[in-house]
Amino acid sequence: MGEGARRVAAGWWVRIGAVASAAVLVVASAGPSQDDAALAPATSLPPPTTPSPTAPPTTRTTVLAGTTSTSSSTLPASTSTSTTEPPPQPVEVTREIPTAEPETPPPAAPPPPWASSVTTTSGGYVGTSLGCASGTGPSSLDAFFAVRAGPLLGADYQHVVALGNGKYVWFFQDAFIDPGGSATRLDQAHFAHNVALLQDGACFTLLHRGTAASPKSFESGNGEQALKKWFWPMGGETFNGVVSMFWVEMVKDPYNPTAPDGLGWHPARTWLATYKASNLQRLSFGLAPNSSARPVYGYAVASDASYTYLFGNTFEQNLVREGGYWNGPHSATAMYLARVPLGQFGAAPEYRTVDGWSPDPAAAQPFAQRFFVEYPMQPRFLGGQWVSVAKVDGYWGSNLIVEVANQPWGPWTTTELRGIAPRGGDPMMNTYHAHLMPWRTGNGSLIVTISQNARQMTRDAYPHPERYRIAAFSSGWVAAPPDPVPTTTTTSTSSTSSTSSTSTTVDESTTTSEPLSSSTTSSTSTSTSSTSSTTSTSTSTTSTSIPP
C-alpha cells in the first residue's frame, strides 16, 4: 500500500531499517505554533551521509527535544551524489494484498451516522461526508486522521493538490472502506487501489466509484484489473479551474520477492488525467507526454512564476529488477527534473542536463542522488522558495529529511534531519512517504504528513486499523541560503609598449562558471606584464554558465 503496505496475493517479505529514535537539526526555524505537533521524541540520530569531497559543508544547530543545549553540526548539501550503506539493523515485515471484497463480512448493524450524507456527486462519484477536523494545522489533522473517518478505515500515500478558494483534494493509494460502519478489522472492509478526499476548509468528503455498498477506485485509468493492474496517484496542480494529475500504472510481477528485495510489482507507464476543480469530474485520461516510467516524470509537481516542474523518480521498489537489495544504490535514489511552460501539462517537456536544458529525455541527468534504496523527494514552491521533504530510504529507512533551495535543481540545503517514529512510538509500526501540505501554519511552519503501517500488516494492522493511518506534524520554516558563488577562473595579460610614442594595452579575460551543482568555490587570477612592439588589441571576454 503505497510504500508501506505493498501487499500481493500470496504475501511477500521486505526488509526495512529499524525505527530510530529522533533528533532534530534546525536552523533559524520559526517557533512552533499552538497547533504544531511533534511526531516523535528526540534522543539520538545516526550521522548524516558523508558528502562527496566537493560538497560544501553547511553548519546547522543540533537541538535535542526536551533540552536547551545546542551544539554545532555539519550537514552535507545534497547537490552532489551522496550515498550510504544499506539502512542499519534491517528487520522483516510482511504484507498481504487483500481481496477487493471483505474476506470476513462485518456483523450486521444499524445504518451508520454518515449514511444520510451519502450522495452521487455532480462529478459522478459516490460521496460520503467524513466530518470535520478542528482546524487545518498539524495537530488538528493528526487527530482527525488518527481515528476512523466515517467509512474510511485507513489509507496511505497521500498527495494533496490545492483547488482554490480554500479547497483541496487528497489522493490516496490503497484504502479500506467500510460502508456499513460495523467493521473492526481491515479485512472486513472493501479494498480500493485509490480514493480521493475533497477538503473544504477543515471538512472532508470521501469520493470513489462503484456504489456506496460496493466501493471501487476513484480512478480506474484505462481499465483497472484489481490486484493485477492498477493506478496510483503521483503529483498534480490546478490551473484555470482544471486539475492536472499524473498517475502511474502499476503492474503485478509474476513472482513475489523475498526479504529484503521489496515488492512484487513495478511502474509500467505514466498517465495524465484532468478533472474539473469544482467537482473533480474527469475530463480526460491519457498517456502523459513522456509516458515512460524510467523515471516517472510527474512523481512530484510544483510551479514557480514561469514554469511547471515535473520531478522524476523511477519509483522502483521491486529490487529484484535491479539485482537485489544489496546491489545498491538503487535507481530510486536519483531525482530528475523536467519542465513545461506554466500550467501547460500537455506540452513536450524539456529536461535538466548537466549544463542546462534539452528537449531530449535521453540527455537528462539526475540533479541529486542520495541514500541507498530511495530518495523520494516531495518538493513544493512555498513562500518564494523551494522546500522538500523526504523519508530517507522510504519504507526501508528511519529518518526524515527537510531541504530548501532557490531553484528546483538546487543546490538543496538540508535544514532538518531527524529520526521519525510512528504515532505513539508504536514498535509494531513504521513510517514512509513524507509529503508537504500546500499551506503553512499561522506562524509559517511547514506541515508534514507521513504514511504509517504495521510492520506485520496481516497480524498487527488488520485487527488494529488505527495502525494504518497517516500522521501530521510540523517542521520549522528556514530560508534558503544564497546559492554558492560559481567557480571562476580569470586570466589577465597586460602588455605595454612605448615605441614611437605609441602605447598599447592588451587585456584578455576569460571567465568560466561551473555547473550550479558544483560545491566548491575558487578564484585564480594571473597577470603578466611585458614590453613588445607596437600593437593594438581590444578587450575580449568569454563567459559560460548553466542557463536558468
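Here the structure is a predicted model, which is why all the values come from computation and not from measurement.

1. Remarks on the overall build of the protein
Consideration 1: What the protein contains, in helices and strands, is two helices and 36 strands.
Consideration 2: Looking at the protein residue by residue over its 548 residues, the buried ones come to 55%.
Consideration 3: By sequence separation, contacts in the protein at least 24 residues apart represent 67% of the contacts at least 6 residues apart.
Consideration 4: Surface accessibility of the protein: about 20500 Å² in total, with carbon and sulfur atoms responsible for 53%.

2. Regarding the sheet that holds strand β28 (residues 399–405)
Consideration 1: Taking strand neighbours across the sheet as the criterion, the four strands line up as β26-β27-β28-β29 in an open arrangement whose pairing is antiparallel. Edge positions in the sheet fall to β26 (378–382) and β29 (413–419), since each has one partner strand and no second. Strand after strand, the sheet turns through a mean of 20° between neighbouring axes, direction not considered.
Consideration 2: In terms of strand pairing, strand β27 (residues 385–392) meets β28 through seven bridges, oriented antiparallel. When the sheet's bridge partners are listed, Val 392 is paired in β28 with Asn 399.

3. Description of the pattern of salt bridges
Consideration 1: This model, assessed by the stated rule, comprises 13 salt bridges.
Consideration 2: Here Arg 294 and Glu 316 are joined by a salt bridge, their closest N and O atoms 3.3 Å apart. Remark: Glu 316 occurs in the loop between β21 (307–313) and β22 (334–341) and Arg 294 occurs in the loop between β19 (282–287) and β20 (296–303); sequence separation between them is 22 residues.
Consideration 3: Among the residues examined, Glu 316 registers a relative accessible area of 1% and is labelled buried.
Consideration 4: For Glu 416, the salt bridge is made with Arg 418, and the minimal N-O distance between the two is 3.7 Å. The same class applies to Glu 416 as to Arg 418, namely buried.

4. Topic: the side chain of Glu 316
Consideration 1: Here the side chain of Glu 316 touches Asn 318 through a polar contact of 3.0 Å, landing on its backbone nitrogen.
Consideration 2: Polar contacts involving the side chain of Glu 316 include one to the side chain of Arg 321, which spans 2.9 Å.
Consideration 3: Residue contacts for Glu 316: discarding those within four places in its chain leaves Trp 265, His 266, Arg 294, Arg 321, Glu 322, Ser 331 and Ala 332.

5. Quick look at the sheet that holds strand β12 (residues 190–192)
Consideration 1: Ordered by their spatial adjacency, three strands build an open sheet running β8-β11-β12, and the pairing between neighbours is antiparallel. Two strands close off the open sheet at either side, each with one partner strand: β8 (152–155) and β12. Neighbour-to-neighbour, the strand axes of the sheet open up by a mean angle of 20°, direction not taken into account.
Consideration 2: Sheet topology note: the strand β11 (residues 175–177)/β12 ladder contains three bridges and is antiparallel. In the sheet register, Phe 176 faces β12, and the bridge partner there is Phe 191.

6. Quick look at the packing of aromatic side chains
Consideration 1: By the definition in use, this model includes 38 aromatic pairs.
Consideration 2: Ring pairs connect the aromatic residues Tyr 307, Tyr 309, Phe 311, Trp 357, Phe 367, Phe 381, Trp 386 and Trp 409, which therefore count as one cluster.
Consideration 3: The cationic tip of Arg 339 hangs over the ring face of Tyr 307; the distance from NZ or CZ to the ring centre is 3.9 Å.
Consideration 4: Above the face of the Trp 477 ring, Arg 440 is positioned so that its terminal group lies 3.9 Å from the ring centre.

Criteria and thresholds
- Residues numbered from 1 in each chain as written.
- Predicted model: local features only at pLDDT ≥ 70, side-chain atom pairs only at ≥ 80, totals over all residues.
- Heavy atoms only, no water.
- Helix = DSSP H or I, 4+ residues; strand = E, 2+ residues; numbered from the N terminus.
- Buried < 20%, exposed > 50% of the residue type's maximum accessible area, 1.4 Å probe, protein only.
- Contact = heavy atoms within 4.5 Å.
- Areas by Shrake-Rupley, 256 points an atom, 1.4 Å probe, with all protein chains shown as cover.
- Pairing = 2+ DSSP bridges.
- Axes fitted to C-alpha atoms, helices over the stretch in contact; angles between N-to-C directions.
- Salt bridge = Lys/Arg side-chain N within 4 Å of Asp/Glu carboxyl O.
- Polar contact = N/O pair within 3.5 Å; in protein donor to acceptor, adjacent residues only side chain to side chain.
- Phe/Tyr/Trp six-rings, centres within 6.5 Å; stacked < 30°, edge-to-face > 60°.
- Lys NZ or Arg CZ within 6 Å of the ring centre and 35° of its normal.

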